[in-house]
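Here are the chains, one letter per residue:
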Amino acid sequence: MNGHRQIGWCCAVGLLAIAIATGVAAAEKTPPLKDRTLVVWATLGDLQQRGGGVFGLADPAERFDAITFGEITPGKWMAGSDFFRRTPQDQSGWAAETAGPDETLQLAIVIQGHQSRFYRNGTLLTANDFKDEQTYGDDLAAVIGLRHPSSAADGEGAGFFHGSVSEARLYDRPLDAATIARLKAGRDDDGPPPLGRWIFRDGKAIETTGHFPYLKLHGGARVEGDRLLLNGEDASLISRRHLPPPTYRSPIHYRPEVGRLADTIPFYHEGKYHVFYLRALSKVPWEHIVSTDLIHWTELPTALKSDGPADGPDGLHMFTGSVVQGGGKFHIFYTGWNDRNPAGQEFLRHATSPDLVTWTKDPKFLFGPDGALYSKARQRDFRDPYVWRNADDGKYWMAFCSTGKTGVATSPDLETWTLQPPLLSDYKDMGTPECPDLFKIRDTYYLIMSPTATASTFARSSRTLRGPYLDPVSPALDTRILYAAKRMDAHGRHVLVGWIRDLAGNRDDGAEQWGGTMCVPRELIPGPDGQLHSQPAHEALAPFQKTVLSLAGRPGGTGHGWLYSGPALAADPILDPHAMIDFDVPDHFLLQATAQLDSRADFSLIFRAQDEESQGYHLALHPASQEAEIRGQGFRYARKIRLDTSRPVTITAFVQGTIIECFINDAYAFSCRAYNHPKGRLRIVASGGSARVLDLAVKTTGD
């Protein structure tokens, strides 16, 4: 990113589809695409690259076919596909590529029935029989420079291709070897008419057939002469037959245009909330956004990026760390992650800045394990440094992630560091505790970390700095949909941010991805017995000023078992053991409610409820078992909480696009993704005991 970029409530980053002038107003509907041929003329910029896609097809369900390089076996081309369904995985007999960066290769995939064939310069390299056919509909997209659109955010994967493309073609039929051999870039009379053809002229990318008119260059992709240049980091071209449906842009969530937002590194300074974050790309950089109100974010220049030797500590990913002020300047301590580094895949690194914007790396700073307190194995866990000044001893302390432990180092000056024994915190069966954050509120120390085996962010407490750190009743700060959350200290106000993870295929039961969208900022408040409570930052409530539903107006609903008692709704299990009422609500809203439950009642709010009661997204409270959960199709996130039925319970819920974030009693967060049901009703259900909804309001931004 160059310069500063302002992101507002209604003009958040999004896809701007550009129709290249071809004389076609919109692509006509075509028959399903079954048998097909993909051909591309390309050069390889790097024989060491892994998994980049040079040309392919994809649909919204993340089914794809692509010509990829080094995805399974280094140095070898292959026909990539979703979950390798049409890809042979035994590639031991295949020849490795030897072409130099100036040699143009013609590469082709033919899909015919249950067989795929791969050609290089007109010569058959491999043929593969498969079981699962893939037919594409009218919503397919052509992708150049990227394995498939979601692989832009694979993080440790390398979905982007490094090299150049002079032409790409898609045929709606299987071409034979002789026809493929006759095809020449720059010719339009050398074979059957293509379904799609992409050429590059005068600084522009052009789709010549008019069948894929909505075309956009992403990231660092640029046209020079008659070639599309692809940097292997964030550059791609996506060409669609039709514009995708408009994507809702939440007024309270931030997400980068390309890639996913992953681990956050928040830092507060002079009235501004800075969030550095890892952007999930093939080479992970540190990006930087800033806000004065936690809602409107300005994008600042990239803070850190891969710029070292290919086999050095800064040759691949810039992973998590922290920001601290000391010695008249700002310091970033970060993780240089590179599995090609023969000295070890993880080292801690250092950069400084006079203004939080321009950062200079210290090439001499390389901090690693000692082999005694912390393993020196090449594929070790030694990452995610969190640095702060300990007022009790005047030293700087560093907490970092190590295998099965939270490591410690100390320094008098932020330059010379000494390893210390790890904190006393038991992580048995929890994996590696990533992204530590350690701080003190009054007389209690809190340790936040994200153990890999839990896929959640946890908080523990101790009366002493070194521990032992123990779990409260509800150690998770949210469900497993929130990960790698950390906080910043704004003059004693502890504001936490993390990422709401994407799910593969935009499905509620999809595989969990690395990175996603930044969560609603939360404020952390100490509770009883070491519990750290989480409530939405008050700034996140501010955009929702228009009340569209309120129990004060006694709105009519459909259902049974609920009756108005003054402005409250009441359910009596004697009259109806399973009371249920539906209200019509907008697709995106803020809900605030208060309910009084007896100890036997099971109480649920169902967001985007459908006719089938099991569908939609259920926030359920179970006082008898002291448990709450949020569930939907293919998932259930439940955990213990404290529910005192002698007092009313409050619920705040943000239903925004594909994200639902709920807060019970301004203490316990329950979040989920909401892909399957973009709309539905609000349903209130009570069973097993009496319940009264004392007040309830649904609010929107009014836009």
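For every chain, the first residue of the written sequence is number 1, and numbering continues from 1 along that sequence. Note on the predicted model: pLDDT of at least 70 is required for a residue's local features to be given, and 80 or more for side-chain atom pairs to be given and counted; whole-chain, interface and lining totals, by contrast, use all residues. Just so you know, side-chain values use all the structure's heavy atoms and leave hydrogens and water out.

> I'm lost on the overall build of the chain in this one. Help?
Per the convention used, a helix needs a DSSP run of H or I reaching at least four residues, while a strand needs a run of E reaching at least two, with both numbered from the N terminus. From N to C terminus, the chain includes two helices and 52 strands. Atoms counted for the radius of gyration: C-alpha only. Globule rule: 2.2 Å times the number of residues to the power 0.38. Since a compact globule built from 703 residues should have a radius of gyration of about 27 Å, the 27 Å found for the chain is in line with a globular shape. By principal-axis analysis of the C-alpha atoms, the chain measures approximately 80 × 65 × 45 Å. Throughout, exposure labels follow a simple rule: accessible area from a 1.4 Å probe, protein chains only, divided by the maximum for the residue type, with under 20% read as buried, over 50% as exposed, and the rest as partly exposed. Taken across its 703 residues, the chain has 58% of its residues classed as buried. Here a residue-residue contact requires only that any non-hydrogen atoms of the pair lie within 4.5 Å. Counting contacts in the chain only where the partners sit at least 6 residues apart, residues at least 24 apart contribute 59% of the total. With the model as given, the accessible surface of the chain reaches about 27200 Å², and the carbon-plus-sulfur share is 50%. Counting rule applied: Lys, Arg positive; Asp, Glu negative; His and chain ends not counted. Charge placement uses NZ in Lys and CZ in Arg. For Asp and Glu, CG and CD serve respectively. The average position of the 74 basic charges and that of the 83 acidic charges among the side chains of the chain differ by 1 Å. Exposure was quantified through the Shrake-Rupley algorithm and a 1.4 Å probe, taking into account, for residues, occlusion by the shown protein chains and nothing else.

> How should I be thinking about the environment of Cys519 in this particular structure?
Topologically, Cys519 is positioned in the loop between strand S35 (512-518) and strand S36 (522-526). For the pair Cys519 and Gly498, spaced 21 residues apart in sequence, the C-alpha separation works out to 5.8 Å. Beyond its immediate chain neighbours, meaning those up to four positions away, Cys519 contacts His253, Leu482, Leu496, Val497, Gly498, Ile500 and Glu661.

> Would you mind showing me how to read the sheet that holds strand S22 (residues 317-326) here?
Sheet strands pair by backbone hydrogen bonding; their relative direction is either parallel or antiparallel. DSSP bridges decide pairing: two strands pair if at least two such bridges lie between them. Strand order in the open sheet made by the four strands is S22-S23-S24-S25, with antiparallel pairing throughout. Strand pairing shows two members of the sheet lacking a second neighbour, S22 and strand S25 (360-361), which therefore form its edges. As paired strands, strand S24 (residues 346-353) and S25 are joined by two bridges and run antiparallel to one another. If you follow Ala351 over to S25, its bridge partner there is Lys361.

> Sorry, what's going on with the pairing of S22 here?
Successive side chains on a regular strand alternate, one facing one side of the sheet and the next facing the other. Among the 10 residues of S22, nine are classified as buried, and the element is accordingly described as predominantly covered. As defined by bridge partners, S22 adjoins strand S23 (residues 329-337) across eight bridges and the pair is classed as antiparallel. When the bridges of S23 are listed, His317 appears paired with Trp337.

> Looking at this model, I keep getting lost on the sheet that holds strand S51 (residues 681-687). Mind explaining?
Sheet architecture is open: seven strands sit in the order S39-S42-S51-S44-S45-S46-S47, paired in antiparallel fashion. Strand pairing shows two members of the sheet lacking a second neighbour, strand S39 (558-560) and strand S47 (635-640), which therefore form its edges. Direction aside, the axes of adjacent strands within the sheet are offset by 10° on average. Relative to S47, strand S46 (residues 627-632) runs antiparallel, the two sharing six bridges. When the sheet's bridge partners are listed, Ile630 is paired in S47 with Tyr637. An axis is simply a line fitted to the C-alpha atoms; with a helix, the fit covers only the stretch in contact. Between two such axes, the angle follows the N-to-C directions and lies from 0 to 180 degrees.

> Would you take a moment to explain the nonpolar core for this structure?
In a soluble, globular protein the nonpolar side chains are often hidden away together inside. In terms of nonpolar packing, the biggest core is built from 63 residues, with Trp562, Leu591, Phe603, Phe607, Ile664, Ile684 and Leu696 touching the most fellow members. Not counting chain neighbours up to four residues away, the residues in contact with Leu696 comprise Leu549, Ser550, Leu551, Leu591, Gln592, Ala593, Leu682 and Ile684. Buried residues of nine kinds, namely Ala, Val, Leu, Ile, Met, Phe, Trp, Tyr and Cys, make up a nonpolar core once their side-chain atoms join them within 4.5 Å.

> Explain the packing of aromatic side chains here, please?
To describe a pair of aromatic rings, one takes the distance between the centres and the angle between the planes. Each Phe, Tyr or Trp ring (for Trp, its six-membered ring) is paired with any other whose centre lies within 6.5 Å, and the angle between the two planes then decides the class: stacked below 30 degrees, edge-to-face above 60, tilted in between. Summed over all chains, the structure comprises 27 aromatic pairs. Measuring from centroid to centroid gives 6.0 Å for Phe276 and Trp359, while their planes differ by 80°, and the two rings are edge-to-face. Of the two residues, Phe276 sits in strand S19 (residues 272-280) while Trp359 sits in the loop between S24 and S25, which places them 83 residues apart along the sequence. Here Phe276 falls in the buried class, since its relative accessible area comes to 0%. Their ring planes at 55° and their centres at 5.9 Å tell us that Phe319 and Trp514 sit as a pair that is tilted. One end of the pair, Phe319, is in strand S22; the other, Trp514, is in strand S35, and 195 residues separate them in sequence. Taking the relative accessible area as the measure of exposure, Phe319 reaches 7% and is therefore buried.

> Even after reading the chapter, I still don't get the environment of Gly56, so can you show me in this structure?
Assignment of secondary structure puts Gly56 in strand S4 (residues 52-58). The class for Gly56 is buried, based on a relative accessible area of 1%. Residues Gly56 and Arg249 lie 193 residues apart in sequence; the distance between their C-alpha atoms is 28 Å.

> Help me out: how do you make sense of the pattern of salt bridges in this one?
Two side chains bearing opposite charge may form a pair once their charged atoms approach each other closely. When a carboxyl oxygen of Asp or Glu lies within 4 Å of a side-chain nitrogen of Lys or Arg, that pair is called a salt bridge. Throughout the structure, instances matching the rule amount to 46 salt bridges. Among the ionic pairs, Arg169 bridges to Asp190, the shortest N-O distance being 3.0 Å. With Arg169 in strand S11 (residues 162-171) and Asp190 in the loop between helix H1 (177-182) and strand S12 (196-201), this pair connects stretches of sequence that are 21 residues apart. Grouping residues by exposure puts Arg169 and Asp190 together as buried. Between Asp478 and Arg522 there is a salt bridge whose closest N-O contact spans 3.0 Å.

> For this particular structure, what's the right way to read the side chain of Thr457?
Here Thr457 shows up in the loop between strand S31 (444-451) and strand S32 (458-462). Of note is the side chain of Thr457, whose polar atom sits 2.9 Å from the side chain of Ser450. Pairs of N or O atoms are called polar contacts if they sit within 3.5 Å, as long as, within protein, a hydrogen donor faces a hydrogen acceptor (for residues adjacent in sequence, only side-chain-to-side-chain pairs). Of the polar contacts made by the side chain of Thr457, one reaches the backbone nitrogen of Ala485; its length is 3.2 Å. If sequence neighbours within four positions are ignored, Thr457 has contacts with Ile448, Met449, Ser450, Pro475, Ala476, Leu477, Asp478, Leu482, Tyr483, Ala484 and Ala485.

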